[in-house]
Amino acid sequence: MDFKIAVLPGDGIGPEISKVGVDVMTAVCNKKGHSVSYTYAPVGASAIDECGDPFPETTFKICMDADAVLFSAIGDPKYDNNPTAKVRPEQGLLAMRKRLGLFANIRPVQIFPALIHKSPLKAEIIKDADFICIRELTGGMYFGEKYQDDDRAYDTNAYTREEIERILRVAFEYARRRRNHLTVVDKANVLASSRLWRKIAKEMEPQYPDVTTDYMFVDNAAMKMITEPSFFDVMVTENTFGDILTDEGSVISGSMGLLPSASTGEHTPVFEPIHGSWPQAKGLNIANPMAQVLSVAMLFEYFNLKEEGAIIRRAVDDALAAFVRTPEIQVEGHTAYGTKEIGEWLVNRINEL
Ligand code: IPM
Ligand code: MN
């Protein structure tokens, strides 16, 4: 394949992990005979500094023109204590999602056997956990009508049939490619929007007779994720519930630094780590690049290049097993590696495989 990749390093640790992701992508492309070119574009706080817009028009065009976007992280503390700031880095992320039509956010929760001891949950509870959370990403309260004055405020949790159907279709298809089990997470005992989700999911069920579909209230799902995470195969939910549940999911595995995600939909898909910009670690060469690297694996898999994805996953497993790890997951008796050094190790390993 001839890949055109838009690279959006963003803020904080973004540029450091982005470089590792690009190096790994290049190594795999060289190995498997793909050509690849990268176009860099600003996003988030760094884009605000450069041109006053967290998702500039030029960045949008570069994304539209690419086969895939390799995104890292956005967010800067200088905007955090000022919720009234007119322009905020997060708006860049929401604009990117909306303008690229990225309605399906795929966040896998996977256990790395070498890191089971790092999980806040007991090993016997998490050892078989392996599920995907599919979060609707361009609807609901994030984008519904909003109002605020000094005495009253609201956010509208609006969903249309079309928005619900298309995300459910993605979820049913994922379940089909996995263990044929879909859990629709909602709050249908209280919310009208959830009742519509559930109605439409029930209507669609007969089209997927090979998938076992069940329905769970979001409060119960939050509990089940930590008491019996192996229950889940594919879960699908609306934007806000998905935001909350995927943070919960990310700690099951023991480190947020290892989980990648993909956002797909109408235009160019985006691949990114689920963690944020960790501004305190910026430039210190301590950030874990594995989530970014695994997001490159998801990128290849999106284009059905399974071997390319597998090479990356294998290299990451080998690195963890060889104690090539950043400080937050290193164990006693082994010296921690830097972001850059892990990148070099992975590239060498990919060349050997
Ligand atoms: C995420 C983040 C974003 C969200 C923020 C930064 C707007 O928390 O990707 O989960 O709420 O969607
Ligand atoms: Mn979130």
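Preceding this section is the structure that the text describes.
To start, this report covers the structure provided alongside it. All chains use their own residue numbering, which begins from 1 and follows the written sequence. By the order in which they are written, chains take letters starting at A while ligands take numbers starting at 1. The predicted nature of this model means local features are confined to residues of pLDDT at least 70 and side-chain atom pairs, given and counted, to a pLDDT of 80 or more, with totals for whole chains, interfaces and linings taken over all residues. Side-chain numbers come from the whole structure's heavy atoms, not from hydrogens or water.

Regarding the overall build of the chain
Only DSSP runs of H or I with at least four residues qualify as helices, and only runs of E with at least two residues qualify as strands; both kinds are numbered from the N terminus onward. Within the chain, the regular secondary structure consists of 13 helices and twelve strands. Whereas a compact globule of 353 residues would reach a radius of gyration of roughly 20 Å, the chain reaches 20 Å, a difference of no more than 12%. Burial statistics for the chain: of 353 residues in total, 54% are counted as buried. Contacts spanning at least 24 positions in sequence make up 75% of the contacts within the chain whose residues lie at least 6 apart. The quantity called the radius of gyration is restricted to C-alpha atoms. Its globule counterpart is 2.2 Å times the number of residues to the power 0.38. Relative accessibility under 20% of the residue-type maximum defines a buried residue, over 50% an exposed one, and the middle range a partly exposed one, all with a 1.4 Å probe and only protein chains included. We call two residues contacting when some pair of their heavy atoms lies within 4.5 Å.

Comments concerning helix 1 (residues 14-32)
The periodicity of an α-helix, 3.6 residues per turn, causes residues three or four places apart in sequence to face the same way. Over its 19 residues, helix 1 runs 27 Å from end to end, which matches the ideal 27 Å to within 8%, given 1.5 Å per residue. Along helix 1, the residues that are buried comprise G14, E16, I17, S18, V20, G21, V22, V24, M25, A27, V28 and C29. Multiplying 1.5 Å by the residue count of a helix minus one yields the expected span of that helix.

What about the pattern of salt bridges?
The term salt bridge refers to a side-chain nitrogen of Lys or Arg lying within 4 Å of a carboxyl oxygen of Asp or Glu. Using the criterion set out here, one finds 28 salt bridges in the structure. Taking the shortest distance from any N to any O, the salt bridge between K4 and D65 comes out at 3.3 Å. With a gap of 61 residues between them, K4 in strand 1 (residues 2-10) and D65 in the loop between helix 3 (57-64) and strand 3 (68-73) connect regions that are remote in the sequence. Take K4: its relative accessible area is 38%, and that puts it in the partly exposed class. Among the charged side chains, a network of salt bridges with common partners joins R161, E165, R169, K199 and E203.

With respect to the site of ligand 1
Taken together, E90, L93, R97, R107, R135, Y142 and D243 are the residues near ligand 1. For the purposes of these results, a polar contact is taken to be a pair of N or O atoms within 3.5 Å, where, inside protein, one atom must be able to donate a hydrogen and its partner to accept one; residues adjacent in sequence count only when each atom of the pair is a side-chain atom. Contact between ligand 1 and Y142: an oxygen atom at 2.5 Å from a side-chain N or O atom of the residue. Here an oxygen atom of ligand 1 sits 3.0 Å away from a polar atom, N or O, in the side chain of D243. All accessible-area figures derive from a Shrake-Rupley calculation using a 1.4 Å probe, and residue coverage is judged against the displayed protein chains alone. Contact with the protein chains hides 72% of the accessible area of ligand 1, taken as 320 Å² for the molecule alone. It is helix 5 (residues 89-99) that contributes the most residues to the shell around ligand 1, three residues altogether. Split into classes, the residues belonging to the shell around ligand 1 amount to two nonpolar, no polar and five charged. Proximity is defined per residue: if any heavy atom of the residue lies within 4 Å of a molecule or strand, that residue is considered near it. Gly is put with the polar residues, along with every residue not named as nonpolar or charged; the nonpolar set is Ala, Val, Leu, Ile, Met, Phe, Trp, Tyr, Cys and Pro, and the charged set is Asp, Glu, Lys and Arg.

Side note on the packing of helix 1 against helix 13 (residues 339-352)
Throughout, an axis means a line fitted to C-alpha atoms (over the contacting stretch in the case of helices), and angles, computed between N-to-C directions, take values from 0 to 180 degrees. Packing of helix 1 against helix 13 brings their axes to within 9 Å, and their N-to-C directions diverge by 10°. Judged on the interaxial angle alone, helix 13 and helix 1 are roughly parallel. Every residue of helix 13 that contacts helix 1 at E16, I17, V20, D23, V24, A27, V28 and K31 is listed here: T339, G343, L346, V347, I350, N351 and E352. The residue inventory of the contact of helix 1 with helix 13, partitioned by class, reads eight nonpolar, three polar and four charged. Between 65 and 115 degrees an angle is taken as roughly perpendicular, under 35 as roughly parallel, over 145 as roughly antiparallel, and anywhere else as oblique.

Remarks on the packing of helix 1 against helix 11 (residues 290-302)
For the pair helix 1 and helix 11, the least separation of the axes is 8 Å and the interaxial angle reads 40°. Classed by the angle they form, the pair helix 1 and helix 11 counts as oblique. Every pair of crossing elements has a handedness; the one defined by helix 1 and helix 11 is right-handed. Taking contact as the criterion, the partners of I17, S18, V20, G21, V24, M25, V28 and C29 in helix 1 are, on helix 11, Q292, V293, V296, L299 and F300. The residue inventory of the contact of helix 1 with helix 11, partitioned by class, reads ten nonpolar, three polar and no charged. Note on convention: near helix rotated counterclockwise from far helix by under a right angle means a left-handed crossing. Clockwise means right-handed.

Some thoughts on unusual backbone geometry
Even without being a glycine, N285 presents a positive backbone phi close to 60°. By the element assignment, N285 lies in the loop between strand 12 (270-273) and helix 11. Under the relative-accessibility criterion, N285 is labelled partly exposed at 26%. The phi angle at F323 is positive, at roughly 60°, despite the residue not being glycine. With respect to the element layout, F323 can be found in the loop between helix 12 (306-321) and helix 13.

Quick notes on the nonpolar core
In plain words, nonpolar cores are sets of buried Ala, Val, Leu, Ile, Met, Phe, Trp, Tyr and Cys residues tied together by side-chain atoms within 4.5 Å. Of all hydrophobic cores here, the largest spans 64 residues; its most connected members are V24, I134, L168, L182, V236, F300 and L346. It is helix 11 that provides the largest number of residues to this core, a total of eight residues. When residues no more than four places from it in sequence are discounted, the contact partners of I134 are N105, I106, I167, V170, A171, Y174, V234, M235, V236 and T237. Among the nonpolar cores identified, the runner-up in size contains 17 residues, and I126, A129, M225 and F232 belong to it.

Quick notes on the sheet that holds strand 3
Pairs of strands are assigned from DSSP output, requiring at least two bridges between the strands. The strand order 2-1-3-12-11-4-5-10-8-9 describes an open sheet built from ten strands, whose pairing is mixed. The open sheet terminates on both sides in strands that have one partner only, identified here as strand 2 (35-40) and strand 9 (212-217). Here the average twist between neighbouring strands, direction ignored, is 25°. Alignment of strand 8 (residues 181-186) against strand 9, held across six bridges, turns out to be parallel. Pairing of L182 across the sheet is with T213, part of strand 9. The sheet strands contacting helix 1 are strand 1, strand 2, strand 3 and strand 12, and the helix crosses strand 1 at an angle near 165°. Here helix 9 (residues 218-227) sits on the sheet and contacts strand 5 (130-136), strand 8, strand 9 and strand 10 (234-237); the angle it forms with strand 9, its principal contact strand, is near 105°.

Details of the environment of F112
Mapping F112 onto the fold places it in the loop between strand 4 (104-110) and helix 6 (123-126). F112 sits in the buried class, given a relative accessible area of 3%. As a C-alpha pair, F112 and G254 span 142 residues in sequence and 8.5 Å in three-dimensional space. Leave out the neighbours within four places in its chain, and F112 touches L258, L259, L294, D317 and L320.

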